[in-house]
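Okay, here's what each chain looks like letter by letter:
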Amino acid sequence: MSNFVQANLPYLLAGISVGGQYALIAIGYTMVYGILRLINFAHGDVFMVAGLVMVYTTTAMPMYLSIPLVIVATVVLGFLIERVAYKPLRSAPRMSVMISAIGVSYLLQNCALYFTGGLAQVYPTIPWLSNSVTIGSATTKVVTIVTPILTVVLVFALVLFIQKTKIGMAMRAVSKDFETSQLMGIKINSVISMTFVIGCFLAAIGSLLYFTNYPSVIPTSGSMPGLKAFVAAVFGGIGSIPGAVIGAFVIGICENIIKGLGSSWTIFSDAFTFVLLIVVLLVKPTGIFGEKATDKV
Amino acid sequence: MSDLLKIEDLKVNYGGIEAVKGISLSVEEGQIVTLIGANGAGKSTTLRTISGLVKPRSGTITFAGEDITGLDPTSIVKKGITMAPEGRRIFPDMTVKENLRMGAYLRKDDLSADYALVYDLFPRLKEREWQLGGTLSGGEQQMLAVGRALMAKPRLMMMDEPSLGLAPLVVKGIFDIIREINRQGVTILLIEQNANMALQAAHTAYVLETGRITMTGTGAELLADEKIKEAYLGKTK
């Protein structure tokens, strides 16, 4: 066992780190699903836009200004998407909202294509995060260590927020029953907006950490991490925050262990995620922590 | 005594049909008023319209002298109208206490006196304070739904079929509580299929048939009425 860990330490560390980044995206999927029963296909692209905003803002201002700006811009984008593309469809069939989400996804990708001219945009080096550290047999970037710690802290804060605060309680109430929540005086539209704001805030943090490991951002950069985070949310039981986080870490770690098995296996690392999706849907469609899919009458 | 709630010529379309076809009624402050009628008579639609969940097609709703027609549910709760909905609709994954907290969602003042009041009415809820709502029995859930509606300190509490699916003894207990809440100064608008219990408790009663009010009187008057006995109280000819 210790030999295995020794030999695979770099992959294990990378896996935990990528898992944390997926987790930060997956929470956005799972929370929005929990409240609106909507798979927000645009979420991965919001993540990509966060990357591009970072690219453009760092050319104009110092990083201590651009990082907060990225977070604010991403949150505003998420808020606007909900208001413009989902809220008018509140009483429409769920399928319509989902199609609207697919539309937003392509819209964001095409806007990105327009602004970047189709060229890969070099992602700026965030000073401290990109430094190298050595742990045991592995040399890695600081971001690899920071990501899982930050993820756990943020998830812990989020769970506390949802369990203990009044707005958190309102979120739980709305996710169960729109109408009765309204009878309590809860404004469901503000609660839904809050959900998008939180999801996009975490996706913005995720994008800062994720792109630090990659040289550049392209308009489809959000697709693959978005899909994997979605699979993580399904694996954990969509609607469940702890489920999404655990699912994301499982996917991140397995993916990187597979990369560590040798060059003939590396190409299967992405395939693993989607095989997992198929297996989960066949064997346990509600995921690890998912609720039983009983439609209450 | 003045009218706390006054409805004039209310028409509501619901699910593509005209569910309420121009009803007028008034609820005097301090009274228990009941709307009885069969399934599909438009009782629930009337309550849902007052609470702001459904928008009326025409007509006016006046509460404490103020026109509240078409306001959103949040504003309605702020004005002092709450509802214990049909089927209880408690939040199953929240504790009893959290459910009550949600009832007071719009309040920012101290709630300890209100918890005490609810637990005083329903000692059973005090015992189960930390239990999840979904694990309660039907009767306890109804108590919780009523307690939750009280937490907003309403002037008017509306109740949609509180006796639905409960054992006769439990129903009796619920109606005792309804009278007790009314004695404490809360006006109550109650809709029921259990006409016998409702008419016994009510000061004023309205009979609703296919979207229209067909009869009105005091609870005792309607209880004694031959037609009511035949149609709603199960008297054999």
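One structure accompanies this document, and this report is about it. Note that the structure is a prediction, hence the values are computed from the model and not measured.

Rules of the game
- Residues numbered from 1 in each chain as written.
- Chains lettered and ligands numbered in written order.
- Predicted model: local features only at pLDDT ≥ 70, side-chain atom pairs only at ≥ 80, totals over all residues.
- Heavy atoms only, no water.
- Helix = DSSP H or I, 4+ residues; strand = E, 2+ residues; numbered from the N terminus.
- Rg over C-alpha atoms; globule rule 2.2 N^0.38 Å.
- Buried < 20%, exposed > 50% of the residue type's maximum accessible area, 1.4 Å probe, protein only.
- Contact = heavy atoms within 4.5 Å.
- Areas by Shrake-Rupley, 256 points an atom, 1.4 Å probe, with all protein chains shown as cover.
- Lys, Arg positive; Asp, Glu negative; His and termini not counted.
- Charge placed at Lys NZ, Arg CZ, Asp CG, Glu CD.
- Core = buried A, V, L, I, M, F, W, Y, C linked by side-chain atoms within 4.5 Å.
- Phe/Tyr/Trp six-rings, centres within 6.5 Å; stacked < 30°, edge-to-face > 60°.
- Polar contact = N/O pair within 3.5 Å; in protein donor to acceptor, adjacent residues only side chain to side chain.

### Section: the overall build of chain A
- Summing up its helical and strand segments, chain A has 12 helices and 4 strands in all.
- Here the C-alpha radius of gyration of chain A, 19 Å, is about what a compact globule of 297 residues would show, namely 19 Å.
- Taken along its principal axes, the extent of the C-alpha atoms in chain A is 60 × 50 × 35 Å.
- Every one of the 297 residues in chain A was classed for burial, and the buried ones make up 51%.
- Partitioning the contacts of chain A with sequence separation of at least 6, the portion at a separation of at least 24 is 74%.
- Here chain A displays about 13500 Å² of accessible surface, and carbon together with sulfur accounts for 72% of that area.
- On chain A, the mean spot of the 16 positive side-chain charges and the mean spot of the 8 negative ones are 7 Å from each other.

### Quick word on the overall build of chain B
- Helices and strands together make up the secondary structure of chain B, namely 10 helices and 10 strands.
- Computed over C-alpha atoms, the radius of gyration of chain B comes to 17 Å, within 12% of the 18 Å expected from 2.2 N^0.38 for 237 residues, which places it in the range of a compact globule.
- By its C-alpha atoms, chain B is 50 × 40 × 40 Å across when sized along the principal axes.
- Scored against the burial criterion, the 237 residues of chain B give a buried share of 53%.
- Taking as baseline every contact in chain B between residues at least 6 positions apart, the subset at least 24 positions apart corresponds to 65%.

### Some points on the nonpolar core
- If you look at the biggest cluster of nonpolar residues, it comprises 114 residues, and the most contacted ones within it are Tyr86(A), Ile186(A), Leu5(B), Ile50(B), Met102(B), Leu156(B) and Leu189(B).
- Excluding anything up to four places from it in sequence, Ile186(A) contacts Ala170(A), Ala173(A), Val174(A), Ser181(A), Val191(A), Thr74(B), Met102(B) and Tyr105(B).
- Grouped together as the second largest cluster of nonpolar side chains are 46 residues, Met151(B), Ile177(B), Ile181(B) and Met215(B) included.

### What about the packing of aromatic side chains?
- Scanning the entire structure with this criterion turns up 11 aromatic pairs over all chains.
- Between Tyr114(A) and Phe115(A) the ring centres are 5.5 Å apart and the planes differ by 75 degrees, which places this aromatic pair in the edge-to-face class.
- On the basis of relative accessibility, which here comes to 68%, the residue Tyr114(A) falls in the exposed class.
- Overall, Phe115(A) belongs to the exposed group, its relative accessible area being 59%.
- Note on Tyr115(B) and Tyr119(B): the rings are 6.4 Å apart at their centroids and 20 degrees apart in plane angle, and the pair reads as stacked. Placement of both Tyr115(B) and Tyr119(B) in helix α4 (residues 112–121) is noted, with a separation of 4 residues, approximately one turn of the helix.
- The exposure class of Tyr115(B) is buried, given its relative accessible area of 12%.
- An aromatic cluster of three or more residues is present, and its members are Phe47(A), Tyr123(A), Tyr210(A), Phe211(A) and Tyr214(A).

### Some points on the side chain of Thr95(B)
Residues and elements named next belong to chain B.
- Position of Thr95 relative to the elements: it lies in the loop between β6 (81–84) and α3 (96–103).
- Judged by relative accessible area, Thr95 falls into the buried class, the value being 12%.
- Of note is the side chain of Thr95, whose polar atom sits 3.0 Å from the backbone nitrogen of Glu98.
- In contact with Thr95, not counting residues within four places along its chain, are Glu129, Trp130, Gln131, Leu132 and Gly133.

### Thoughts on the environment of Gln131(B)
Residues and elements named next belong to chain B.
- Residue placement: Gln131 occurs in the loop between α5 (123–127) and α6 (138–150).
- Using a relative accessible area of 28% as the deciding quantity, one classes Gln131 as partly exposed.
- Distance in space between the C-alpha atoms of Gln131 and Leu10 is 41 Å, their sequence separation being 121 residues.
- Ignoring any residue separated from it by four or fewer positions in sequence, one finds Gln131 in contact with Met94, Thr95, Val96 and Leu136.

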